[in-house]
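Single-letter residue listing:
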Amino acid sequence: MSEAGNDHWIFGYGSLVWRAGFPYAERCPAWIQGYSRRFWQGSTDHRGRPGAPGRVVTLVRDPGATCFGMAYRLTPQDRSDVLDHLDHRERGGYERIEAALHFEQCGEREREASTAWLYIATPSNHNYLGPAGLDEIAAQVRIAYGPSGTNLEYVLELARFLREHRAQDDHVFALAELLTR
Ligand code: BEZ
């Protein structure tokens, strides 16, 4: 097996792009294919409260689309603890899946494509909110807050990250624009 074949990566496309909250060996900007980011998952424990959920991102299947985010390479020593930690933290609606991972330039190095684990919210989970118009999403984001901070900060941090990396995401940018108008 190649060296790359032994690597284990986590792909973040939500708050993980700016805050990992677990130990890692390195982080690299990266993207996956066939998914689009949507503010369709309710958050009652991070960016909202029970009865007043915020909206956070999940991914939906979208052939031909790409989703840009941040990949974290786990050390062999930390791998199982990190996965246990994330599986537990995201148990309120997210499932862990695997996807092919493509890298942007990472430091001085060119990286070959690899695979990564990531978490997506399924429509069957009890916090799932599903599609809504951008105005409705913005109205909810404006007032929601939870133990991790305001929902507004979550959206704007995500938009800032994408802008910094010159990544395209019409859904995120349109929402951020509505919220800062
Ligand atoms: C993320 O930040 O990429 C993320 C983390 C957990 C669940 C869903 C998304």
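Residues numbered from 1 in each chain as written. Predicted model: local features only at pLDDT ≥ 70, side-chain atom pairs only at ≥ 80, totals over all residues. Heavy atoms only, no water.

So, the packing of helix α3 (residues 151-164) against helix α4 (residues 170-180)
Move 1: Two elements in contact, α3 and α4, have axes separated by 9 Å at closest approach and are oriented at 125°. One way to sum up the angle between α3 and α4 is to call them oblique. Once α3 is placed against α4, the crossing between them reads as left-handed. Touching Leu-152, Val-155, Leu-156, Leu-158, Ala-159, Leu-162 and Arg-163 of α3 are Val-172, Phe-173, Leu-175, Ala-176, Leu-179 and Thr-180, all from α4.
Move 2: Considering only residue class, the contact of α3 with α4 consists of eleven nonpolar, one polar and one charged. (Axes fitted to C-alpha atoms, helices over the stretch in contact; angles between N-to-C directions. Helix = DSSP H or I, 4+ residues; strand = E, 2+ residues; numbered from the N terminus. Parallel < 35°, antiparallel > 145°, perpendicular 65-115°, else oblique. Left-handed = near helix turned anticlockwise from the far one by under 90°. Contact = heavy atoms within 4.5 Å. Nonpolar A, V, L, I, M, F, W, Y, C, P; charged D, E, K, R; others polar.)

A look at the sheet that holds strand β1 (residues 8-12)
Move 1: Spatial ordering of the closed barrel is given by β1-β3-β2-β4-β5, a layout of five strands whose pairing is mixed. Within this sheet the neighbouring strands show an average axis-to-axis angle of 40°, counted without direction.
Move 2: Two strands pair when backbone bridges link them, and β1 and strand β5 (residues 114-121) are joined in this way by two bridges, in the parallel orientation. Each bridged residue has a counterpart across the sheet, and for Ile-10 the counterpart in β5 is Trp-117.
Move 3: Relative to strand β3 (residues 54-74), α3 is tilted by about 80°, and along the sheet it contacts β2 (26-43) and β3. (Pairing = 2+ DSSP bridges.)

Looking at the packing of aromatic side chains
Aromatic ring pairs are reported here in terms of the distance separating the ring centres and the angle at which the planes meet.
Move 1: Enumeration according to the criterion identifies eight aromatic pairs in this entry.
Move 2: Ring centres of Phe-11 and Tyr-13 lie 6.5 Å apart, and the angle between their planes is 25°; this geometry places the pair in the stacked category.
Move 3: Residue classification places Tyr-13 among the buried residues on the basis of a relative accessible area of 5%.
Move 4: Connected via pairs of aromatic rings, a cluster forms that spans Trp-18, Phe-39 and Tyr-154.
Move 5: If you follow Arg-96 out to its NZ or CZ, it ends over the ring of Trp-117, 5.2 Å from the centre.
Move 6: The positively charged end of Arg-111 is found above the aromatic ring belonging to Phe-103, 5.9 Å away from the centroid. (Phe/Tyr/Trp six-rings, centres within 6.5 Å; stacked < 30°, edge-to-face > 60°. Buried < 20%, exposed > 50% of the residue type's maximum accessible area, 1.4 Å probe, protein only. Lys NZ or Arg CZ within 6 Å of the ring centre and 35° of its normal.)

So, the pairing of β5
Move 1: Burial within β5 is extensive, with seven of its eight residues counted as buried.
Move 2: Relative to β5, strand β4 (residues 94-103) runs antiparallel, the two sharing eight bridges. Bridged to Ala-100 within β5 is Thr-115.

Here's the deal with the environment of Ala-25
Move 1: Position of Ala-25 relative to the elements: it lies in the loop between β1 and β2.
Move 2: Ignoring any residue separated from it by four or fewer positions in sequence, one finds Ala-25 in contact with Arg-73 and Thr-75.

Note that every value here comes from positions in space, so none of it alone points to a role or purpose.
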